[in-house]
Amino acid sequence: MTDLTETETAPRPAGHSRRTVVKAAAAGAGAAMIPLTGAHRAAAAGNAPAFLHGVASGDPLPDGVLLWTRITPTADAVPGSGRGPDTPVGWEVAEDRSFASVVARGTATATAAADHTVKADVRGLRPATQYFYRFTAGGTVSPTGRTRTTAAHDATAPAVRFGVVSCADWEAGWFSAYRHLAARADLDAVLHLGDYIYEYGTGGFPGADGVIRSHVPTHEILTLADYRARHGNYKTDEDLRNLHATHPVIAIWDDHEVANDAWSGGAENHDPATEGDWARRVAAAKQAYFEWMPVRPSVAGTTYRRLRFGRLADLHLLDLRSFRSQQTSIGNGEVDDPDRTITGRKQLDWLKSGLASSDASWKLVGTSVMISPVAFGSVPAYLLGPLSKLLGLPAEGLAVNVDQWDGYTDDRRELLTHLRESGIENTVFLTGDIHTAWANDVPVRAATYPLSATAATEFVVTSVTSDNIDDILNVPPQTASLVATAAVRAANRHVKWVDMDSHGYGVLDVTAERAQMDYYVISEKTDRSASTEWLRSYRTRSGAQKLERVDQPVR
């Protein structure tokens, strides 16, 4: 996909402190957040190359980062079209926004075979350093992006801070959460926990009445051209482009990057009789994903991989769709079958080995679906329908969500037992998927919690836009959901807090002493200018394996 034919380096000035870098970033944040200038629009209107989908960086390392862009070489070379000539693209990385101090540069060729996307896996950079980057093609200069490398492998980093997001349904609202994260100059990276795109046709989810803006293409996506077009459409969103241009993004996929409730051999939202071969659809979706996302393909072309932030934190990123067994029915004893898996044997062994061998203070695990067990007590009938849509429960309200780790209890038991028996502390699961926010202890045995031990903690972030309880019921927030929340808390003492109505994002701040998640909400997802406010915070102290509430966010 990327042909690096030229690389140059330049002398580098002495390193900057983190405080200096943050101040400099804050001073220039406004300029970094404008991905399309008038010149770029003019180029797009004519027949000169144009950078219509912005720039991005991702998967930062101590000595490098992955850069991304998409060039539109001619007006008819729209995403998924297969049209447009091969186009040389240059890239350069500098330590200053004016590019007076360029430290690396190279060239690549954008081709129709890769939908004219370009990736440059840049190395030779300094650890824990802010950089600026841009691309050029045919006299057109891309927007400038800002990125940051991670701390050196053995460095004692004082802190690391992530924005955390998931579940961004284009049709359900505006991506204001991305705008507010892009406005922050204090983040090392943004962690996207899946459902970056949705596969449905227009009105497929949440329904025709809830469509704020229509998908492109308007039909459900099935082919490589479809998935490319959908990714391209998402990256026309200004707030999403600004997020990518301002922070490195570390992403994993969940199900909607392919189809709802995907498993290794199919999906709830895939009918082979009318939609063709599942393997072909998966291959198309994954190809488009790796073309359009600033993500390095990992083991067997999946997204499970590991990043390190000095000796402070290891980040283990999981792929919980490619290798899992088919979801069983609710109440079926097969959820406990040791032959059924959510991770696949190889990935689970990889995770266990990585956790056991880690010398980092914190072991962060990006998991697209919730690992904490969830049972339900008595819930009124009018709430069971919405809950079933969000959490995978049946209308009759049985206790197990079989799309989450609750449907694959042997894998969970093996992993949590490994944490306890190996003496692995400070494991924190970071989760999306269910369009609601949670703060959980992860018990070894939920039935005897809090008398029994906890193995880890879990922070679940709500959706950027995808519908939750009040959206589904079309009622004001914090009304009907309060009954469901009370039922969840009563039946699950390890659940410290749950919010079933809000949309927004999290900010995770990690130091040697604690890991704290600050939960932020937006005022209204259908308002393009929505404001944001802090809602609540929880932290786990080093060695505790339990959460406690905090009365203010990290500043």
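Here the structure is shown first, and the text comes after it.
A brief report on the enclosed structure follows. (Residues numbered from 1 in each chain as written. Predicted model: local features only at pLDDT ≥ 70, side-chain atom pairs only at ≥ 80, totals over all residues. Heavy atoms only, no water.)

Side note on the overall build of the protein chain
Then step 1. In terms of helices and strands, the protein chain carries 12 helices and 24 strands.
Then step 2. Evaluated residue by residue, the protein chain yields a buried proportion of 62% over its 555 residues. (Helix = DSSP H or I, 4+ residues; strand = E, 2+ residues; numbered from the N terminus. Buried < 20%, exposed > 50% of the residue type's maximum accessible area, 1.4 Å probe, protein only.)

Quick word on unusual backbone geometry
Then step 1. A cis amide bond links F205 to the next residue, P206, at an omega of 10 degrees.
Then step 2. Considering the arrangement of structural elements, one finds P206 in the loop between β10 (189-192) and α4 (224-234).
Then step 3. Here the bond from Y449 into P450 is cis, since omega is 10 degrees, no more than 30 degrees from zero.
Then step 4. With respect to the helices and strands, the residue P450 is situated in the loop between β18 (437-443) and β19 (454-460).

Things to note about the nonpolar core
Then step 1. Counting residues in each nonpolar core, the largest one holds 41 residues, and the members touching the most others are F175, Y178 and Y227.
Then step 2. The leading source of residues in this core is helix α7 (residues 278-292), at seven residues.
Then step 3. If sequence neighbours within four positions are ignored, Y178 has contacts with V165, A168, H192, D239, L240, L243 and V464.
Then step 4. Of all hydrophobic cores here, the second largest spans 33 residues; its members include A157, L307, A439 and A515. (Core = buried A, V, L, I, M, F, W, Y, C linked by side-chain atoms within 4.5 Å. Contact = heavy atoms within 4.5 Å.)

Things to note about the sheet that holds strand β15 (residues 313-317)
Pairing between the strands of a sheet comes from backbone hydrogen bonds, and it takes one of two forms, parallel or antiparallel.
Then step 1. Taking strand neighbours across the sheet as the criterion, the seven strands line up as β14-β15-β16-β17-β19-β18-β20 in an open arrangement whose pairing is mixed. Where the open sheet ends on each side, the last strands, each with one partner, are β14 (305-309) and β20 (495-499). Taken over all neighbouring pairs, the strand axes of this sheet differ in orientation by 20 degrees on average, direction set aside.
Then step 2. With five bridges connecting them, β15 and strand β16 (residues 362-367) associate as parallel partners. When the bridges of β16 are listed, L317 appears paired with G366.
Then step 3. Taken strand by strand, helix α10 (residues 409-421) contacts β17 (427-431), β18 and β19, and its axis lies near 125 degrees from that of β19.
Then step 4. Those strands touched by helix α12 (residues 481-491) are β18 and β20, and its axis lies near 165 degrees from that of β20. (Pairing = 2+ DSSP bridges. Axes fitted to C-alpha atoms, helices over the stretch in contact; angles between N-to-C directions.)

Some remarks on the packing of aromatic side chains
Then step 1. Across all of its chains, the model carries 18 aromatic pairs by this definition.
Then step 2. Their ring planes at 35 degrees and their centres at 5.8 Å tell us that F175 and Y234 sit as a pair that is tilted. Taken as a pair, F175 in the loop between β9 (160-165) and α3 (176-182) and Y234 in helix α4 lie far apart in primary sequence, 59 residues in all. Each member of the pair, F175 as well as Y234, carries the same accessibility label: buried. (Phe/Tyr/Trp six-rings, centres within 6.5 Å; stacked < 30°, edge-to-face > 60°.)

A look at the packing of helix α8 (residues 345-357) against α10
Then step 1. One can describe the packing of α8 onto α10 by two numbers: an axis separation of 10 Å at closest approach and a directional angle of 15 degrees. Of the possible angle classes, the one that applies to α8 and α10 is roughly parallel. Handedness of the α8/α10 crossing: right-handed. Judged by residue contacts, R345, L348, D349, L351, K352, L355 and A356 of α8 engage D411, E414, L415, H418 and L419 from α10.
Then step 2. Classifying every residue of the contact of α8 with α10 gives six nonpolar, one polar and five charged. (Parallel < 35°, antiparallel > 145°, perpendicular 65-115°, else oblique. Left-handed = near helix turned anticlockwise from the far one by under 90°. Nonpolar A, V, L, I, M, F, W, Y, C, P; charged D, E, K, R; others polar.)

Concerning the environment of H215
Then step 1. If you trace the backbone, H215 turns up in the loop between β10 and α4.
Then step 2. Note on H215: relative accessible area 1%, which makes it buried.
Then step 3. Linking H215 and Y198, residues 17 residues apart in sequence, is a C-alpha distance of 9.1 Å.

Remarks on the environment of R345
Then step 1. Considering the arrangement of structural elements, one finds R345 in helix α8.
Then step 2. Apart from residues lying up to four places away in sequence, R345 is in contact with K352 and E414.
Then step 3. At 2.5 Å, the side chain of R345 forms a polar contact with the side chain of E414. (Polar contact = N/O pair within 3.5 Å; in protein donor to acceptor, adjacent residues only side chain to side chain.)

Side note on α7
Then step 1. The terminal C-alpha atoms of α7, which comprises 15 residues, lie 21 Å apart, in line with the 21 Å expected from a rise of 1.5 Å per residue.
Then step 2. For α7, the complete set of buried residues consists of W278, R281, V282, A284, A285, K286, A288, Y289, F290, E291 and W292.
Then step 3. One side-chain oxygen of the residue at the start of α7 lies 3.3 Å from the amide nitrogen of A279, identifying that residue as D277. (Expected span 1.5 Å × (residues − 1).)

Details of the packing of α4 against α7
Then step 1. At a minimum axis distance of 8 Å, the contact between α4 and α7 shows a crossing angle of 35 degrees. Pair α4 / α7 crosses with right-handed handedness. Residues L224, Y227, R228, H231 and G232 of α4 pack against R281, A284, A285, Q287, A288, Y289, E291 and W292 of α7.
Then step 2. Split into classes, the residues belonging to the contact of α4 with α7 amount to seven nonpolar, three polar and three charged.

With respect to α4
Then step 1. Among the 11 residues that make up α4, nine are buried, leaving the element largely enclosed by the rest of the structure.
Then step 2. All buried positions along α4 are accounted for by D226, Y227, R228, A229, R230, H231, G232, N233 and Y234.
Then step 3. Tucked into the core, α4 has its buried residues touching α5 (238-246) and α7.

So, the side chain of S322
Then step 1. Positionally, S322 belongs in the loop between β15 and α8.
Then step 2. Given a relative accessible area of 17%, S322 falls into the buried group.
Then step 3. A polar contact is formed between the side chain of S322 and the side chain of K286, at a distance of 2.8 Å.
Then step 4. Within the structure, S322 has its side chain in polar contact with the side chain of D319 (distance 2.6 Å).

A look at the pairing of β16
Then step 1. Counting buried residues along β16, six of its six residues qualify, which places the element largely inside the surrounding structure.
Then step 2. Here β16 shows two buried faces, one formed by W362, L364 and G366 and the other by K363, V365 and T367.
Then step 3. Of the strand pairs in this sheet, β16 and β17 are connected by five bridges, and their pairing is parallel. By the bridge assignment for β17, K363 is matched with T427.

Regarding the pattern of salt bridges
Then step 1. Following the criterion strictly, the structure yields 35 salt bridges and no others.
Then step 2. Here D188 makes a salt bridge to R148, at a shortest N to O gap of 3.3 Å. Of the two residues, D188 sits in the loop between α3 and β10 while R148 sits in strand β8 (residues 145-148), which places them 40 residues apart along the sequence. Each member of the pair, D188 as well as R148, carries the same accessibility label: buried.
Then step 3. The residue R228 makes a salt bridge to E291 at a minimum N-O spacing of 2.7 Å. Remark: E291 occurs in helix α7 and R228 occurs in helix α4; sequence separation between them is 63 residues. Neither R228 nor E291 differs from the other in exposure class; each is buried.
Then step 4. Each of R161, R184, D186, D509 and R514 takes part in a single network of salt bridges with overlapping partners. (Salt bridge = Lys/Arg side-chain N within 4 Å of Asp/Glu carboxyl O.)

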